[in-house]
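Structural description and commentary
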Amino acid sequence: MSLLDPQSLGTDTPRTLDGRTYPDRLREFERYDHLVLPLVEAHRPKTFDDLAAGLDDRNALADLPVWLASAEWRGLIERADEPSRGPRAYVLGPLSRAGIPHAA
Amino acid sequence: MSQHRVDDLFVDRRGIPRLVQCAVLFIDLLGVRAMNRGPISQVRHHLIELDRAVTGRYRNYFRPESEWRAAFFSDTLVLAAPIAEPGGEDAAIRGLVRQAAWLQLALSWSDFFVRGGLSLGYFHIRDGLIFGPALAEAYELESRRAIYPRVILGPDAEAAMTRPNSHLLCDGDGWTFINYLDSLFDDLEDPVPTFQLHRDRVVERLGRHRDDKRVWEKYRWVAEYHNAFVDRDGLDGEDVHVPADAMTWRFEPFA
């Protein structure tokens with residue numbers, strides 16, 4: 001179940017159901033949306049390393065852990081079901097699935 | 001960069017090994033020898049937890065085609081970020097600092113604390129062979145300078161980093177170290193339970209090493225770091241501090 005308040009999706013200030021708000025310091029990493037988001041799929045979970053393998057931009061690669069956090073906060077991606085063994089993986093999140101435009 | 005291209009960096013056209021400018025992380029898992037001395041069921045538990053931390057939480061640090069080359073031996077893990085183009089030092093070190101922060105968090109959840117060094121310099125890693133001055137420096141940082149369960153940056157690595165960077169903190173003795181708890185504030189999940197788990201791990205270690213002041217002091221440093229971080233960043237009134245009595249050395253009466 002998503003931790004995000006659905007009413008805050010697509011706004012400038014996403015928040016969780018328990019009232020925590022999108023950390024401002026993650027905003028600078030939104031600049032990688034156009035590089036990383038196309039690598040995430042709706043139904044085929046991708047791990048951090050899957051996504052890293054598709055990136056040539058060295059800065060995007062270095063900042064990928066923080067981009068993942070930023071994109072998760074904004075509903076662009078979400079965690080796939082936890083695998084029994086292996087690292088966490090991501091699929092497109094509610095905002096991406098709905099096709100709602102997001103800030104570049 | 002593909003696996004092939006990363007591998008190709010470390011050999012010339014004739015297949016002869018070469019040194020490449022890299023950011024190199026060298027970490028030592030503390031207490032691993034003791035973990036191997038208990039009953040086999042306990043050893044197996046430690047093995048499963050270690051495997052989970054290094055392959056099953058944030059990422060698989062040993063994925064063969066990874067951008068970050070890794071080697072593990074005994075209680076030591078080495079991770080390298082090649083600098084593929086001039087001016088790429090900041091990105092390589094920044095990326096490795098984040099990898100190290102994730103790794104420290106994952107290991108601490110699995111009850112492993114680490115000490116380490118991060119260097120910048122020439123390095124070779126291929127087919128299980130690791131070599132080079134950056135490795136020697138990272139080892140020196142880990143074994144002689146870090147002292148406490150922290151991962152410190154060598155002078156060249158520190159100088160190459162853009163400031164400010166919240167993933168780094170400066171310690172009172174002049175060393176810059178990886179502020180691994182900081183990344184918890186990025187996560188969508190509530191950070192409080194993770195801080196509580198980290199606190200509980202530290203308190204357990206402080207209790208376990210009450211009779212060995214040399215080791216106890218190392219975990220006291222972790223407790224100081226934990227509390228300083230909690231004080232600085234605040235957690236909305238949640239008390240996740242390491243309690244003072246756990247951090248206080250005790251003296252016995254002469255009786």
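Residues numbered from 1 in each chain as written. Chains lettered and ligands numbered in written order. Predicted model: local features only at pLDDT ≥ 70, side-chain atom pairs only at ≥ 80, totals over all residues.

Moving on to the overall build of chain A. Scanning chain A from N- to C-terminus turns up five helices and three strands. In sequence order, the secondary structure elements of chain A are arranged as α-β-α-α-α-β-β-α. Radius of gyration (C-alpha) of chain A: 13 Å, near the 13 Å computed for a compact globule of 104 residues. By principal-axis analysis of the C-alpha atoms, chain A measures approximately 35 × 30 × 25 Å. With 104 residues in all, chain A has 36% of them scored as buried. (Helix = DSSP H or I, 4+ residues; strand = E, 2+ residues; numbered from the N terminus. Rg over C-alpha atoms; globule rule 2.2 N^0.38 Å. Buried ≥ 20, exposed ≤ 12 C-beta atoms within 10 Å, placed from the backbone.)

Before going further, it helps to spend a moment on the sheet that holds strand β2 (residues 77–79) of chain A. Residue and element names in this part refer to chain A. Strand order across the open sheet formed by three strands is β1-β3-β2, with antiparallel pairing between neighbours. Edge strands, defined here as strands with exactly one partner in the open sheet, are β1 (46–47) and β2. Relative to strand β3 (residues 89–92), β2 runs antiparallel, the two sharing three bridges. Bridge pairing in β3 places I77 opposite L92. (Pairing = 2+ DSSP bridges.)

Next up on the list: helix α4 (residues 89–109) of chain B. All names here are of chain B. A rise of 1.5 Å per residue sets the reference length of α4, with its 21 residues, at 30 Å; its end C-alpha atoms lie 30 Å apart and thus fit the reference within 8%. In terms of burial, α4 is a largely internal element, 19 of the 21 residues being buried. D111 sits one or two residues past α4 and shows a positive phi near 75 degrees. (Expected span 1.5 Å × (residues − 1).)

Time to look at the pairing of strand β2 (residues 69–73) of chain B. Residue and element names in this part refer to chain B. Here five bridges tie β2 to strand β3 (residues 76–82), and the two strands are oriented antiparallel to one another. Each bridged residue has a counterpart across the sheet, and for A70 the counterpart in β3 is L79. What sits between β2 and β3 in their antiparallel hairpin is a turn of two residues, with S74 showing a positive phi close to 55 degrees.

So, on to the nonpolar core. Residue and element names in this part refer to chain B. Formed by 91 residues in total, the largest nonpolar core has its most connected members in A23, V24, L25 and L96. It is α4 that contributes the most residues to this core, 12 residues altogether. The contact partners of A23, leaving out residues within four places of it in the chain, are A81, A92, I93, L96, L118, L120 and A157. (Core = buried A, V, L, I, M, F, W, Y, C linked by C-beta atoms within 7 Å. Contact = placed C-beta atoms within 7 Å.)

Now for the packing of helix α7 (residues 192–208) of chain B against helix α8 (residues 213–233) of chain B. Any two packed helices are characterised by how steeply their axes cross, that is the angle between the axes, and by the distance between the axes. All names here are of chain B. The contact between α7 and α8 brings their axes to 9 Å, and the two run at 155 degrees. Judged by the inter-axis angle, α7 sits roughly antiparallel to α8. As α7 runs across α8, the sense of the crossing is left-handed. Contacts from F195, H198, R199, V202, R205 and L206 in α7 reach W216, Y219, R220, V222, A223, H226 and V230 in α8. The residue inventory of the contact of α7 with α8, partitioned by class, reads eight nonpolar, two polar and three charged. (Axes fitted to C-alpha atoms, helices over the stretch in contact; angles between N-to-C directions. Parallel < 35°, antiparallel > 145°, perpendicular 65-115°, else oblique. Left-handed = near helix turned anticlockwise from the far one by under 90°. Nonpolar A, V, L, I, M, F, W, Y, C, P; charged D, E, K, R; others polar.)

Let us look at the pairing of strand β1 (residues 20–29) of chain B. Residue and element names in this part refer to chain B. The buried count for β1 comes to nine of 10 residues, which makes it a mostly enclosed element. With 10 bridges joining them, β1 and strand β4 (residues 114–126) adopt antiparallel strand pairing. Its bridge partner being in β4, L29 is matched across the sheet by V114. Summarising the sheet, β1 and β3 pair through seven bridges and their orientation is antiparallel. Paired with D28 across the bridge in β3 is T76.

Every contact between the two is made by 24 residues of chain B and, on the other side, 24 residues of chain A. Among the elements that take part in the side of chain B that touches chain A, α4 of chain B stands out by supplying five residues, more than any other.

This paragraph deals with the environment of E41 of chain A. Residues and elements named next belong to chain A. Tracing the sequence through the fold places E41 in the loop between α1 (33–36) and β1. You can call E41 exposed: it has 12 C-beta atoms within 10 Å. Remark: the alpha-carbon pair of E41 and L92, spanning 51 residues in sequence, is separated by 5.7 Å. Other than its neighbours up to four places away in sequence, E41 contacts K46, V91 and L92.

So, about the confidence of the model for chain B. Considering every residue of chain B, the mean pLDDT works out to 91; 97% of them sit at 70 or more. In the model output, the complex is listed with pTM 0.91 alongside ipTM 0.90. (pLDDT = per-residue confidence, 0-100.)

This brings us to unusual backbone geometry. Note on backbone geometry: most residues besides glycine have negative phi, and most peptide bonds are trans. Residues and elements named next belong to chain B. Cis geometry is found at the peptide bond from R163 to P164, where omega equals -5 degrees. Considering the arrangement of structural elements, one finds P164 in the loop between α6 (155–160) and β7 (168–170). Residues other than glycine seldom take positive phi values, yet S74 does so here, at roughly 55 degrees. Mapping S74 onto the fold places it in the loop between β2 and β3. Taking the C-beta count within 10 Å as the criterion, S74 has 9 such neighbours and is therefore assigned exposed. Even without glycine at this site, D111 takes up a positive phi of about 75 degrees. By secondary structure assignment, the location of D111 is in the loop between α4 and β4.

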